[in-house]
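One-letter residues, chain by chain:
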Amino acid sequence: MKPKFGYPVTTDDYREKARARLPGFLFDYLDGGAADEQTLRANETGWVNINLRQRVLVNVENVDTTTTLVGQTCSMPVVLAPLGLAGMMARRGEVQAVRAANAVGIPFTLSTVGICAVEEVQAAATEAAWFQLYMLRDRPRVAALLDKAWAAGCRTLVFTVDLPLPGMRHRDFRNGLSSKGPRTRLLKIQQLLSRPGWLWNVAVRGGPLSFGNLSDALPDAGNLDAFKEWIDAQFDPTVTWADLEWIRKHWQGRLLLKGILDVEDARQAVRVGADGIVVSNHGGRQLDGVASGAGKLPDIVAAIGSQTEVLVDGGVRSGTDVFRALALGARGVMIGRPWAFALAGGGEAGLTRLLLSWQQELRLAMTLTGVTRITDIGADQLDRPRTTEFRKAGE
Ligand SMILES: Cc1cc2nc3c(=O)[nH]c(=O)nc-3n(C[C@H](O)[C@H](O)[C@H](O)COP(=O)(O)O)c2cc1C
């Protein structure tokens, strides 16, 4: 049983803080997954079930968690994943998050459907943010968005490919997120009034709460319901591999494909020249019933790890999980909910503390498995190495 008062340390501690601070529908939007949330749960257990191989009496005086991800030096192999509406978790949330990420020395990724615009985020950043793209039906708008991100200084594009349409998130339906009836309106108002701190700090003092990158798409930028309707209709299910050529034409920087879960798709990503991929099931928010990132990673690394950088996300909840992902062959990880929980529960300072604590956990895992450099982490550090051979990305 956790003490009710006390300093939050783990992702779970911050999750409870976030639950106490956010209106119920917003916490559920962040915490929940698709359908029965089986994949969401599998994501976490996928890492927990991996045992590490403790080694002793090795000189581990100089353990270094530094690495590079698509050419960028990072203090540890962790990237803050793109989260739509993250700016509602704390006042001007994406600005606070990019500051925390920069303070710790890791990349922050801004979602197409973030609250803060790319210019606002970049103005606060000391290291260029990565920009995440959802393909919209309105291609001139997408081209303009890419130009805007480039002009603001972004050089790494994360193109998300697993959202031809939004998943069925039952918690959101139960909370009436997509409904405008009087009953759900009342429910929302009730939940909002039960969190006056959030209302004052985030909604009143932190406004406007609109999709900053798309604020010129609709005249009423503050009407989030109307915006959500517009965006849901804009997701483009006709996108195919052929559209990668269009993206390449409009984006001169580094390109990562996020949402790859199949070896064949991973091979195709290499063929189209992606600088990296993110093995991901969108945090269990799209198709409930697909495998976890931990489950799919080894085969994908074995197939393409020597040709492009392989990142993974979904269910990574500690620095030890980061180590596990690297031991399974990932070059780095993205984290979603953990950073938003920390931001909602403790603001910029809370997120910075959580990230530093993860770095310390990663360092400890390296120390007790007897490795001093990130590039030395691999199958040797697993208690029961799998029989299938898998290589480190980049080898
Ligand atoms: C609330 C929420 C919003 C998200 N919004 C986006 C998004 O706008 N773009 C995107 O590519 N992925 C989005 N994702 C997926 C994350 O980028 C990431 O893949 C996932 O959160 C990783 O799993 P984790 O939360 O268990 O770490 C979202 C995830 C959550 C939880």
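These notes cover the structure that comes with them. (Residues numbered from 1 in each chain as written. Predicted model: local features only at pLDDT ≥ 70, side-chain atom pairs only at ≥ 80, totals over all residues. Heavy atoms only, no water.)

### Quick notes on the overall build of the protein chain
A count of helical and extended segments in the protein chain gives 15 helices and 10 strands. A compact globule built from 395 residues would reach a C-alpha radius of gyration of about 21 Å, and the protein chain, at 20 Å, matches this within 12%. Taken over the C-alpha atoms alone, the protein chain extends approximately 65 × 55 × 40 Å along its principal axes. Counting the 395 residues in the protein chain, one finds 55% classified as buried. Put simply, of all contacts in the protein chain between residues at least 6 apart along the chain, 72% involve residues at least 24 apart. (Helix = DSSP H or I, 4+ residues; strand = E, 2+ residues; numbered from the N terminus. Rg over C-alpha atoms; globule rule 2.2 N^0.38 Å. Buried < 20%, exposed > 50% of the residue type's maximum accessible area, 1.4 Å probe, protein only. Contact = heavy atoms within 4.5 Å.)

### Describing the packing of aromatic side chains
Per the counting criterion, the structure on display carries 4 aromatic pairs. Consider the rings of Phe108 and Trp339, whose centres lie 5.6 Å apart with planes at 75°: the pair is edge-to-face. Residue Phe108 is located in the loop between helix 4 (93–104) and strand 4 (109–110), and its partner Trp339 is located in helix 15 (residues 337–369); the two are separated by 231 residues in the primary sequence. Geometrically, the ring pair formed by Trp150 and Trp251 is edge-to-face, given 5.2 Å between the ring centres and 85° between the ring planes. With Trp150 in helix 6 (residues 139–152) and Trp251 in the loop between helix 11 (243–250) and strand 7 (254–260), this residue pair connects regions lying 101 residues apart in the sequence. Residue placement shows Arg285 over the ring face of Tyr29; its charged tip is 5.0 Å from the ring centre. (Phe/Tyr/Trp six-rings, centres within 6.5 Å; stacked < 30°, edge-to-face > 60°. Lys NZ or Arg CZ within 6 Å of the ring centre and 35° of its normal.)

### Some points on the site of the ligand
Inspection of the region around the ligand gives 24 residues, with Pro82, Ser111, Thr160, Asp313 and Arg317 positioned closest. Measuring from a nitrogen atom of the ligand, one finds a backbone N or O atom of Gly84 at 2.9 Å. Contact between the ligand and Gln132: a nitrogen atom at 3.3 Å from a side-chain N or O atom of the residue. Its residues assigned to classes, the shell around the ligand shows 9 nonpolar, 10 polar and 5 charged. (Near = heavy atom within 4 Å. Polar contact = N/O pair within 3.5 Å; in protein donor to acceptor, adjacent residues only side chain to side chain. Nonpolar A, V, L, I, M, F, W, Y, C, P; charged D, E, K, R; others polar.)

### A few points about helix 6
Here helix 6 spans 20 Å end to end across 14 residues, near enough to the 20 Å set by a 1.5 Å rise per residue. Of all the positions in helix 6, only Arg139, Val142, Ala143, Leu145, Leu146 and Ala149 are classed as buried. Along the axis of helix 6, the buried positions cluster into a sector of 160°, meaning they face one direction only. Across from the buried face of helix 6, at angles greater than 90 degrees, the exposed residues are Pro140 and Ala151. Next to the buried residues of helix 6 lie helix 5 (118–124), strand 5 (130–133), strand 6 (156–160) and helix 11. Just beyond helix 6, the residue with positive phi is Gly153, at close to 115°. (Expected span 1.5 Å × (residues − 1). Arc of directions from axis to C-beta.)

### Describing the sheet that holds strand 7
Across a sheet, paired strands are connected by hydrogen bonds in the backbone, their directions being either parallel or antiparallel. Read across the open sheet, the 8 strands follow the order 3-10-9-8-7-6-5-4; overall the sheet is parallel. Two strands bound the open sheet, and with one partner strand each, they are strand 3 (78–80) and strand 4. With 3 bridges joining them, strand 3 and strand 10 (residues 332–335) adopt parallel strand pairing. By the bridge assignment, Leu80 is partnered in strand 10 with Ile335. (Pairing = 2+ DSSP bridges.)

### A look at the nonpolar core
For soluble globular proteins, nonpolar side chains are generally found buried alongside one another. In this structure, Leu80, Phe108, Leu214, Ile277 and Trp339 are the most contacted members of the largest nonpolar core, which totals 111 residues. Setting aside its immediate chain neighbours within four residues, Phe108 contacts Leu80, Glu94, Ala97, Val98, Ala101, Val121, Ala129, Trp130 and Trp339. Within the second largest apolar cluster, 11 residues are counted, among which are Leu69, Cys74, Val158 and Leu311. (Core = buried A, V, L, I, M, F, W, Y, C linked by side-chain atoms within 4.5 Å.)

### Points about helix 2 (residues 24–31)
Burial analysis of helix 2 places 7 of its 8 residues in the buried class, which makes it a mostly covered element. Inspection of helix 2 places Phe25, Leu26, Phe27, Asp28, Tyr29, Leu30 and Asp31 among the buried residues, and these make up the whole buried set. Looking at the buried positions of helix 2, the neighbouring elements they touch are helix 1 (11–21), helix 3 (38–48), helix 7 (170–174), helix 8 (182–193), helix 9 (196–204) and helix 15.

### Topic: the pairing of strand 8 (residues 276–279)
Every second residue of strand 8 is oriented toward a common face, with Gly276 and Val278 on one face and Ile277 and Val279 on the other, all of them buried. Handedness of the crossover is the feature at issue here: the chain leaves strand 7, passes through helix 12 (residues 263–271), returns alongside strand 8, and the resulting connection is right-handed. Here strand 8 pairs with strand 9 (residues 309–313) via 4 bridges, running parallel. Paired with Ile277 across the two strands is Val310, which belongs to strand 9. Between the parallel elements strand 8 and strand 9, the chain passes through helix 13 (residues 293–304) in a crossover that is right-handed. (Right-handed = clockwise from strand over helix to strand, strands pointing away.)

### Thoughts on the environment of Arg353
Mapping Arg353 onto the fold places it in helix 15. Through-space distance from the C-alpha of Arg353 to that of Val312 is 23 Å; in sequence the pair is 41 residues apart.

### Looking at the pattern of salt bridges
This structure, assessed with the given rule, holds 18 salt bridges. The partner of Glu120 in a salt bridge is Arg92, and the shortest N-O contact between them spans 2.7 Å. Residue Glu120 is found in helix 5, and its partner Arg92 is found in the loop between strand 3 and helix 4; the two are separated by 28 residues along the sequence. Using a relative accessible area of 18% as the deciding quantity, one classes Arg92 as buried. Put simply, Arg15, Glu16, Arg19, Asp28, Asp31, Glu37 and Arg171 are held in one network by salt bridges that share partners. (Salt bridge = Lys/Arg side-chain N within 4 Å of Asp/Glu carboxyl O.)

### A short note on the pairing of strand 9
Taking burial as the measure, the 5 residues of strand 9 include 5 buried ones, the bulk of the element. Burial along strand 9 is two-sided: Glu309, Leu311 and Asp313 and Val310 and Val312, pointing in opposite directions, are all buried. Examined bridge by bridge, strand 9 and strand 10 share 3 bridges and lie parallel to one another. Bridge pairing links Asp313 to Met334 in strand 10. Of the crossover connections in this fold, the one passing from strand 9 over helix 14 (residues 319–327) to the parallel strand 10 is right-handed.

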